[in-house]
Amino acid sequence: MENQEKKRILSMYQCTGTFTLGNYLGALRNHIKLQEEGYDCVYALADLHALTVRQVPAGLRKYTKEAYAWLLAMGLDLEKTVFFIQSQVPQHSQLAWILNCYTQFGELSRMTQFKDKSAKHADNINAGLFTYPCLMAADILLYQADYVPVGADQKQHVEIARDIAERFNGIYGGTFTVPEPMIPKHGARVMSLQNPLSKMSKSDENQNGNISVLDDPDTIMRKFKRAKTDSGSEVRFGEGKEGVNNLMGIYAAVTGKSYEEIEREFAGKGYGEFKPAVAEAVIAELRPIQERYRQIVADKAFLEETYRAQAPRAQAIAQRTLSRVMKKVGLVI
Ligand code: AQP
């Protein structure tokens, strides 16, 4: 195991679509802050994982580059953080194969994401969907990550990575750092604007339910004005008011105001005034990032040069772990 001075954080993002406000408020914004909080951050775009569901090839390439530019626009600092595209670091696939051989059929069968995704894509229950957690374990263990920031829905993946690491360490001696899930302090869970009982998702068929980080101000305003709320009109956090609760959560995350302050601000005003105010706050939050984003994506050569230059940085770290693993299991290196 490596003896790093700083604790290392590993996080990867799927590029199956444009990031949503949920990805932004629930994950990305907090992850970018971690680079300023003394952590050694390793971030990547999980394009290999995206292949477990059939993708339109040109779309996957486009979303990958878009996502890369978006994180740079948000202020990801390449002096402090390694940020690469997964498929450009072949050690991920190599370690994943080895870990496949140290993971049991039974434990993969119990993964809720496999059950959910195979129900959703019944015509394409491929082996990749089933062994996805082994690739995810490889993503984490290659970098000897101490922490993996996760939403509650992804905790099971870190648990299986821990099980695989402990099993391997048990057989061959200390090889992998056993990672811990990191539940972010300010990780807002953003729900669909059309169905506040389900989370806002890139792949939601109803695009009115999600705000994409690239939506223009008019679109953001329109989607918030149409957001589902209950039949009342009072801006108050409470049971059975999931739609309003969600809007309050978004407004609180963007403005930094508490629920009490929001309730006071909108006392006697009703949803008709609250919804556009939430939209305005979101528009103001996204505007400067969208402006930087547009400059970055317009410079294709810069973008390509930047992500290409990151791959060798990641490979250098990943290869140290992979070589050790190969030696331990008896492969010739
Ligand atoms: N609605 C959300 N609220 C808060 N956090 C969210 N995250 C995703 N949706 C919300 C968090 O974003 C991080 C990156 O997620 P990802 O890009 O790897 O994919 P995901 O979780 O599968 O996100 P989507 O948008 O729901 O994608 P699809 O539609 O492809 O499944 C994670 O930390 C996640 O918790």
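This text gives an overview of the structure that appears in the document. Note on numbering: residues in each chain are counted from 1, in written sequence order. The predicted origin of the model limits local features to residues at a pLDDT of at least 70 and limits the giving and counting of side-chain atom pairs to 80 or more, whereas totals for whole chains, interfaces and linings rest on all residues. Excluded from the side-chain calculations are hydrogens and water; all other atoms, namely the structure's heavy atoms, are used.

Quick look at the overall build of the protein
What counts as a helix is a DSSP run of H or I of at least four residues, what counts as a strand is a run of E of at least two, and both are numbered from the N terminus. For the protein, the count of helices and strands is 13 helices and 5 strands. The reference for a compact globule is 2.2 Å times residues^0.38; the radius of gyration itself is calculated from the C-alpha atoms. Computed over the C-alpha atoms, the radius of gyration of the protein is 21 Å, within 12% of the 20 Å expected from 2.2 N^0.38 for a compact globule of 333 residues. The C-alpha extent of the protein, read off along each of the three principal axes, is 70 × 45 × 40 Å. Exposure categories follow from relative accessible area, calculated using a 1.4 Å probe and restricted to protein chains: below 20% of the type maximum is buried, above 50% is exposed, and the middle band is partly exposed. Going through the 333 residues of the protein one by one, you find that 51% of them count as buried. Any two residues whose heavy atoms approach within 4.5 Å at even a single point are treated as in contact. Intrachain contacts of the protein at a sequence separation of at least 6 include 75% that bridge at least 24 residues. Only the protein chains shown count as covering a residue, and every accessible area follows the Shrake-Rupley method with a 1.4 Å probe. Of the accessible surface of the protein, which amounts to about 15800 Å², a share of 51% is contributed by carbon and sulfur atoms. Between the mean site of the 42 positive side-chain charges and the mean site of the 39 negative ones, the protein shows a separation of 3 Å. A residue counts as positive if it is Lys or Arg and as negative if it is Asp or Glu; His and the chain ends are not included. By convention, the point assigned to a charge is CZ for Arg, NZ for Lys, CD for Glu and CG for Asp.

Some thoughts on the site of the ligand
Residues in contact with the ligand amount to 17 residues; listed here are only the nearest, Val190, Met200, Ser201, Lys202 and Ser203. Pairing of N or O atoms within 3.5 Å defines a polar contact, subject to two protein rules: one partner must be a possible hydrogen donor and the other a possible acceptor, and residues neighboring in sequence count only if both atoms are side-chain atoms. At a separation of 2.6 Å, an oxygen atom of the ligand approaches a polar side-chain atom of Ser201. Within the contact set of the ligand, an oxygen atom lies 2.5 Å away from a side-chain nitrogen or oxygen of Ser203. Contact with the protein chains hides 89% of the accessible area of the ligand, taken as 650 Å² for the molecule alone. Residues are classed as near a molecule or strand on a simple rule: at least one heavy atom within 4 Å of it.

Things to note about the pattern of salt bridges
Here, a salt bridge means any Lys or Arg side-chain nitrogen found within 4 Å of an Asp or Glu carboxyl oxygen. Going through the model one piece at a time under the given rule, you end up with 12 salt bridges. For Arg162, the salt bridge is made with Glu166, and the minimal N-O distance between the two is 4.0 Å. Taken as a pair, Arg162 and Glu166 lie in helix H8 (residues 155-172) at a separation of 4 residues, close to a single helical turn. Arg162 sits in the partly exposed class, given a relative accessible area of 23%. For Arg236, the salt bridge goes to Glu234, with nearest N and O atoms at 3.1 Å. Accessibility expressed as a relative area gives 46% for Glu234, which makes it partly exposed.

Concerning the packing of aromatic side chains
Aromatic ring pairs: the centre-centre distance and the angle between the two ring planes describe each pair. Whether two aromatic rings pair depends on their centres lying within 6.5 Å, for rings of Phe, Tyr and Trp, where Trp uses its six-membered ring; planes under 30 degrees apart make the pair stacked, over 60 edge-to-face, and the rest tilted. One pass over the structure, following the stated rule, counts 18 aromatic pairs. Arranged with centres 6.3 Å apart and planes meeting at 90°, the rings of Tyr13 and Phe19 form a pair that is edge-to-face. Taken as a pair, Tyr13 and Phe19 share a single burial class, namely buried. Directly above the aromatic system of Phe266 lies the positively charged group of Lys269, at a separation of 5.8 Å from the ring centroid. Put simply, a charge is over a ring when the Lys NZ or the Arg CZ is close to the ring centre, within 6 Å, and near the line of the ring normal, within 35 degrees.

Section: unusual backbone geometry
Its identity as a non-glycine residue notwithstanding, Gln144 has a phi of 50°, on the positive side. By secondary structure assignment, the location of Gln144 is in the loop between helix H7 (127-141) and strand E4 (147-149). Here Gln144 falls in the buried class, since its relative accessible area comes to 1%.

Looking at the pairing of strand E1 (residues 8-13)
For a regular strand, side chains alternate in direction, first toward one face of the sheet and then toward the other. Within E1, 6 of the 6 residues are buried, which leaves it mostly tucked inside the rest of the structure. Alternating positions in E1 separate into two faces, Arg8, Leu10 and Met12 on one and Ile9, Ser11 and Tyr13 on the other, with burial throughout. Alignment of E1 against strand E2 (residues 40-45), held across 6 bridges, turns out to be parallel. Paired with Leu10 across the two strands is Val42, which belongs to E2. DSSP bridges decide pairing: two strands pair if at least two such bridges lie between them.

Description of the environment of His31
Tracing the sequence through the fold places His31 in helix H1 (residues 21-34). Along the chain, His31 and Ala284 lie 253 residues apart, while their C-alpha atoms are 20 Å from each other. Those residues in contact with His31 that lie beyond four places of it in its chain are Ser11, Tyr13, Tyr43 and Pro149. At a separation of 3.4 Å, a polar atom in the side chain of His31 contacts the side chain of Ser11.

Here we look at the environment of Cys15
Considering the arrangement of structural elements, one finds Cys15 in the loop between E1 and H1. In this structure the C-alpha to C-alpha distance between Cys15 and Met111, which are 96 residues apart in sequence, comes to 21 Å. In contact with Cys15, other than residues within four places in its own chain, are Leu45, Ala46, Asp47, Leu60, Tyr63 and Thr64.

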